[in-house]
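Residue-level structure breakdown
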Amino acid sequence: MKIGIIGAGRVGCACALAAVTRGSARKIVIMDRTRKRARAVATDLRYGTPLCPKTTVVDGDYEDLVDAGLVMITAGINEKAGGATDRSDPQGRFDKNAEIYRDIVPKIARAAPGAVILVVTDPPDPLADIARASAGHDRVLSTGTFLDSLRFRVHLAEHFDVDANQVEAQVIGEHGVSQVFLWSSARIGGVPISTLAEQRGETLDSVRKQIEQSVRYANITIIEGNDASQFGIGIVSARIAEIIVRDERAVIPVGSYNEKFGVTLSLPSIVGREGVVRTFEPEMSGEERQALQSSAASIRKSESRS
């Protein structure tokens, strides 16, 4: 199966590298507004493919996306230039990137009408709504809070000194500062995090404050140190791509349009060849449910300004 990656900047390159090393698809088409850049990236990756699962990497244009099962979009204003490090600016790069999406998404839809569109560019949730309107179909999803959920698990694992694969924890809602941490259902080995904190002589509030701060502003912290948050989202995007092209029907927290909330936001979702097949609304405390409503309102407010 073929996938396309539009945008050969730092995030696009990280997505391509992860897809090649993981063997996410048999063919990867890399596109960029500068064809020379796309060709250079594809060539560089191609030299490493003999050591990876069987994959063909090429540069291309929209017509080369024919028969692609998934097209991920990483194109847009880069994080520093777009003001992504301004912690008081909820709008960030949305207005600038929305214009870019309105230009390129119709071209994707014409070239690959059957493809799922994965929005990677920040902010992914409101941009997914732009992409959905521009594509004229519902096979659009955002990377959403998948990466945030992994960050949540990693920080919990570090705090309690366990393997992150043994941590059950999710973040839902917006991929942004209004994201919702599901502490009420977070567990390690079936034991609630609140119980584990008590056993260590800690309060859940102290653990919560420390970890939520680290996760909410992880993107900004990384950008301030390395100009772009790229490697984690690259691996996440590659994993989503393979779930779709292999029709795995895995359950992951990704963003899709939700009629109840009127925007794209993340909930645990069954993902397969057609994109998000079904979403689940997990058990939540009253506080978490209210926070999800507020997160949806934050996304609606952001979109209303565009």
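What counts, and where the lines are drawn
- Residues numbered from 1 in each chain as written.
- Predicted model: local features only at pLDDT ≥ 70, side-chain atom pairs only at ≥ 80, totals over all residues.
- Heavy atoms only, no water.
- Pairing = 2+ DSSP bridges.
- Helix = DSSP H or I, 4+ residues; strand = E, 2+ residues; numbered from the N terminus.
- Salt bridge = Lys/Arg side-chain N within 4 Å of Asp/Glu carboxyl O.
- Phe/Tyr/Trp six-rings, centres within 6.5 Å; stacked < 30°, edge-to-face > 60°.
- Buried < 20%, exposed > 50% of the residue type's maximum accessible area, 1.4 Å probe, protein only.
- Lys NZ or Arg CZ within 6 Å of the ring centre and 35° of its normal.
- Expected span 1.5 Å × (residues − 1).
- Arc of directions from axis to C-beta.
- Axes fitted to C-alpha atoms, helices over the stretch in contact; angles between N-to-C directions.
- Parallel < 35°, antiparallel > 145°, perpendicular 65-115°, else oblique.
- Left-handed = near helix turned anticlockwise from the far one by under 90°.
- Contact = heavy atoms within 4.5 Å.

Strand order in the open sheet formed by three strands is S7-S10-S11, with antiparallel pairing between adjacent strands. Looking at the sheet topology across the chains shown, the edges are occupied by strand S7 (167-168) and strand S11 (191-192). Alignment of strand S10 (residues 187-188) against S11, held across two bridges, turns out to be antiparallel. Among the inter-strand pairings, Ile 188 is bridged to a residue of S11, identified as Val 191.

Let us now look at the pattern of salt bridges. Following the criterion strictly, the structure yields 17 salt bridges and no others. Residue Asp 32 is joined to Arg 37 by a salt bridge in which the shortest nitrogen-to-oxygen separation is 3.6 Å. With its nearest N and O atoms 3.8 Å apart, the salt bridge here joins Asp 59 to Arg 39. Of this pair, Asp 59 sits in strand S3 (residues 56-59) while Arg 39 sits in helix H2 (residues 35-46), and the two are 20 residues apart along the sequence. Look at the salt bridges and you will find they share partners, linking Arg 22, Arg 239, Glu 242, Arg 246 and Glu 248 into a network.

Here we take up the packing of aromatic side chains. One pass over the structure, following the stated rule, counts two aromatic pairs. Measuring from centroid to centroid gives 5.0 Å for Phe 152 and Trp 183, while their planes differ by 70°, and the two rings are edge-to-face. Here Trp 183 lies in the loop between strand S9 (180-181) and S10 and Phe 152 lies in helix H5 (residues 146-160), a separation of 31 residues in the sequence. The exposure classification of Phe 152 matches that of Trp 183, with both residues buried. An aromatic cluster is defined as three or more aromatic residues linked by ring pairs; in this entry it consists of Phe 152, Phe 181 and Trp 183. A cation sits over an aromatic face here: Arg 132 above Tyr 257, 3.9 Å from the ring centre.

In this section: H2. In a regular helix each residue adds 1.5 Å, so 12 residues correspond to 16 Å; H2 covers 16 Å between its end C-alpha atoms and thus fits that length. Along H2, the positions that sit buried rather than exposed are Ala 38, Val 41, Ala 42 and Leu 45. With its buried residues spanning 95° around the axis, H2 presents them on a single face. Opposite the packed face of H2, turned more than 90 degrees from it, sit the exposed residues Lys 36 and Asp 44.

Here the focus is the packing of H5 against helix H7 (residues 204-216). The contact between H5 and H7 brings their axes to 10 Å, and the two run at 135°. Regarding the angle of H5 to H7, the classification is oblique. Note on packing geometry: the crossing formed by H5 with H7 is right-handed. Of the residues in H7, those touching H5 at Asp 148, Arg 151, Phe 152, His 155, Leu 156 and His 159 are Val 207, Gln 210, Ile 211, Ser 214 and Val 215.

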